[in-house]
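Summary of the model geometry
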Amino acid sequence: MMKNNIVSRVRKIHFNGSLTKAAQYFNVSSTAYHKWESDGEFPAKSGRMQQAHVLTGYSYQVLTPSIFVLPKRAENTTPA
């Protein structure tokens, strides 16, 4: 069963739901593509986010939202 996230939607819309075709397009294994689905976004490394952008026209924020979130600042745990 496909999760409802951007990676799954790209597979459904652009590859007729075929995991094999989606993986081949991105030149990765089916297992790697499935991991992206589990993660819920395209990886920003190795040009995968760019490939997805070219294919879909979706913004980078939609394809890989986690890289646009500022990390939480660690609380100061040192006693005053």
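Predicted model, so just to flag it, every value in this text is computed and none were measured.

1. Notes on the packing of helix α1 (residues 6–14) against helix α3 (residues 30–39)
Packing of α1 against α3 brings their axes to within 7 Å, and their N-to-C directions diverge by 130 degrees. By the angle class used here, α1 and α3 are oblique. Packed against α1, whose contacting residues are Val7, Ser8, Val10 and Arg11, the element α3 presents Tyr33, Trp36 and Glu37 at the interface.

2. Notes on the nonpolar core
In this structure, Phe26, Tyr33, Trp36 and Phe42 are the most contacted members of the largest nonpolar core, which totals 14 residues. Sorting the residues of this core by element identifies α1, α2 (19–25), α3 and α4 (48–56) as the ones contributing at least two each. No other element matches α1, which puts 3 residues into this core. With near-sequence residues (within four places) excluded, tryptophan 36 lies in contact with Val7, Phe26, Val28, Glu41, Phe42, Pro43 and Arg48.

Analysis parameters
Residues numbered from 1 in each chain as written. Predicted model: local features only at pLDDT ≥ 70, side-chain atom pairs only at ≥ 80, totals over all residues. Heavy atoms only, no water. Axes fitted to C-alpha atoms, helices over the stretch in contact; angles between N-to-C directions. Helix = DSSP H or I, 4+ residues; strand = E, 2+ residues; numbered from the N terminus. Parallel < 35°, antiparallel > 145°, perpendicular 65-115°, else oblique. Contact = heavy atoms within 4.5 Å. Core = buried A, V, L, I, M, F, W, Y, C linked by side-chain atoms within 4.5 Å. Buried < 20%, exposed > 50% of the residue type's maximum accessible area, 1.4 Å probe, protein only.

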